[in-house]
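Coordinate analysis (summary)
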Amino acid sequence: SQCLGRQSFELSFYPHNGDWNKGNVYNEALNFNNALRLVQTGRTVGDLPSSTSFMSIEPQQLMFSTVKSPESGEKKQYVLRVYNPTEEILSGTITTLLSIAEAKLLTLEEKVISAIPMKDLNSITVDVGPKKIITILFIFS
């Protein structure tokens, strides 16, 4: 009674070894439900290769949720949210193209909890508990 009108559904089977986590089922489900979209832009100046990424998150079980400007509106700062859908603690590395001046762990309301130590100029390491979301503030040089 809540979903009036015509409905359509897509069903997919993904054979895999092991449980859903070892079989990478979560990532495959996201890929199935969220199609890749291309965006064309105008000509730009620079010499970065097409394989360059603004940010990478490892391991692949640590899921990207969002990247956005902070609510404070500060320049050269971005808020990143990642989450752990697994039943295990994940130790992850987040690497950025830009040099990081500081990284801070935030609440969902973007209040500072603590500083995050730098792994090097472009990366940090975080531990994310099972079924947890973390919010990180990056302040770039």
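Let me begin by describing the structure that accompanies this report.

What to know about the sheet that holds strand E3 (residues 77–83)
- Overall, antiparallel pairing links the five strands, which are arranged E2-E3-E9-E5-E6 in an open sheet. Unpaired on one side and paired on the other, strand E2 (63–68) and strand E6 (112–115) mark the two borders of the sheet. Averaged over neighbouring strand pairs, the angle between their axes works out to 30° when direction is ignored.

Structural notes on the sheet that holds strand E8 (residues 123–128)
- Taking strand neighbours across the sheet as the criterion, the four strands line up as E1-E4-E8-E7 in an open arrangement whose pairing is antiparallel. Whereas interior strands pair on both sides, the edge strands pair on one side only; in this sheet they are strand E1 (55–58) and strand E7 (118–120). On average, adjacent strands in this sheet sit at an angle of 30° to one another, irrespective of strand direction.
- Direction of pairing for E7 relative to E8: antiparallel, over a ladder of two bridges. Bridging from a neighbouring strand, Asp-120 pairs with Ser-123 of E8.

Rules behind the numbers
- Residues numbered from 1 in each chain as written.
- Predicted model: local features only at pLDDT ≥ 70, side-chain atom pairs only at ≥ 80, totals over all residues.
- Heavy atoms only, no water.
- Pairing = 2+ DSSP bridges.
- Helix = DSSP H or I, 4+ residues; strand = E, 2+ residues; numbered from the N terminus.
- Axes fitted to C-alpha atoms, helices over the stretch in contact; angles between N-to-C directions.

The quantities given are spatial measurements derived from coordinates; they are silent on function.
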